[in-house]
Amino acid sequence: MVSPHPGLVDKYQPDLLYFDDEELPLGQAGLDIAAHYYNANAARNGGKTQAVLDAKHMQPEHRAAVVEDIERGVANGILPAPWQTDTCIGDWHYNRHVFEEASLQDVGQVVCMLADIVSKNGNLLLSVPVRGNGAIDDDEVAFSRRHGEMDGCERGGHLATRPWVVYGEGPSVAEKAEGGQFGGAKDVRSKPYTAEDMRFTPRAMPL
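One structure accompanies this document, and this report is about it. Worth saying up front: this structure is predicted, and the values here are computed from it rather than measured. (Residues numbered from 1 in each chain as written. Predicted model: local features only at pLDDT ≥ 70, side-chain atom pairs only at ≥ 80, totals over all residues. Heavy atoms only, no water.)

### Let's talk about the pairing of strand β1 (residues 16-22)
Across four bridges, the pairing between β1 and strand β2 (residues 52-56) is parallel. Residue Glu22 lies in a different strand from β2, and its bridge partner there is Lys56. As a crossover connection, the stretch from β1 through helix α2 (residues 28-44) into β2 is right-handed. (Pairing = 2+ DSSP bridges. Helix = DSSP H or I, 4+ residues; strand = E, 2+ residues; numbered from the N terminus. Right-handed = clockwise from strand over helix to strand, strands pointing away.)

### Points about the nonpolar core
As a rule of thumb, nonpolar side chains are buried together in soluble globular proteins. Core analysis: the largest hydrophobic core is formed by 14 residues, its most contacted members being Val74, Trp83, Met113, Ile117, Leu124 and Phe143. Here this core takes six residues from helix α4 (residues 107-119), the largest share from any one element. The contacts of Phe143, once residues within four sequence positions are left out, are Ile89, Leu104, Gln105, Asp106, Val107, Val110 and Leu126. Core analysis: the second largest hydrophobic core is formed by 11 residues, Val9, Ile33, Ala34 and Ala51 among them. (Core = buried A, V, L, I, M, F, W, Y, C linked by side-chain atoms within 4.5 Å. Buried < 20%, exposed > 50% of the residue type's maximum accessible area, 1.4 Å probe, protein only. Contact = heavy atoms within 4.5 Å.)

### Section: the sheet that holds strand β3 (residues 67-69)
Across the sheet, which stays open at both edges, the five strands sit in the order β1-β2-β3-β5-β6 with parallel pairing between neighbours. Each end of this open sheet is capped by a strand with a single partner; those strands are β1 and β6 (122-127). When the angles between neighbouring strand axes are averaged without regard to direction, this sheet yields 30°. (Axes fitted to C-alpha atoms, helices over the stretch in contact; angles between N-to-C directions.)

### Quick look at the pattern of salt bridges
Pairing between side chains of opposite charge can happen when the charged atoms of each approach one another. In total, this model carries seven salt bridges according to the counting rule given. Measuring nitrogen to oxygen at the nearest pair gives 2.4 Å for the salt bridge that ties Asp20 to Lys56. Residue Asp20 is located in strand β1, and its partner Lys56 is located in strand β2; the two are separated by 36 residues in the primary sequence. Overall, the relative accessible area of 36% leaves Asp20 in the partly exposed class. Asp116 is paired through a salt bridge with Arg199; the nearest N and O atoms lie 2.7 Å apart. With Asp116 in helix α4 and Arg199 in strand β9 (residues 198-199), this pair connects stretches of sequence that are 83 residues apart. Looking at Arg199, the relative accessible area reads 19%, which means it is buried. (Salt bridge = Lys/Arg side-chain N within 4 Å of Asp/Glu carboxyl O.)

### Overview of the environment of Arg203
Inspection of the secondary structure puts Arg203 in the segment after β9. Taking C-alpha positions, Arg203 is 9.6 Å from Trp164, a pair spaced 39 residues apart along the chain. In this structure Arg203 touches Gly156, Leu159, Ala160 and Thr161, once residues within four positions along its chain are discounted.

### Looking at the side chain of Asp69
Looking at the element boundaries, Asp69 is found in strand β3. Buried charge without a partner: Asp69 forms no salt bridge, and the closest opposite charge is Lys56, 4.6 Å away. Apart from the residues within four sequence positions on either side, Asp69 is in contact with Tyr18, Ala55, Lys56, Gln84, Thr85 and Asp86. (Lys, Arg positive; Asp, Glu negative; His and termini not counted.)

And the structure:
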């Protein structure tokens, strides 16, 4: 992925900027883009930075400045700094075979994965691939509606919450973690979450 020019940051003013690379790419240019992105966002928000910048394989001393992304994976425990995983309900790019074979991810398992991620101080960036004309297919529409319904019932467990002393208990905690694409454990588990798997997220502020 080519890193954006500062002019694109000024034109589109994104709230989230994602470097699909290790650390900040392009050496000093990457540092300059990051600095401009943060400073421009703060200037638009009365001096308070509201921007999020993601990168992968962060060195420990850099994690306070950039959000570490664990692609298609989750942390094995509570991380002290906020982090993110990004995954897709199908393939990263639209694949008609996924539609023909009805092989999207299971909605319930994605909602459970979100609870697991939040309990470990993380955030989920979920991709829904679009067709060439910018539309999504009927299965993706159904997934999105069902996800909204299920997440509506569960949102009290992740909105305005913080990790607890331990993130959870149950069979999934005891299960040996499998390697994800960029560290951590896989987001698509070999064994599904069950009713015995619990995650703890105390309320940090009123909704």
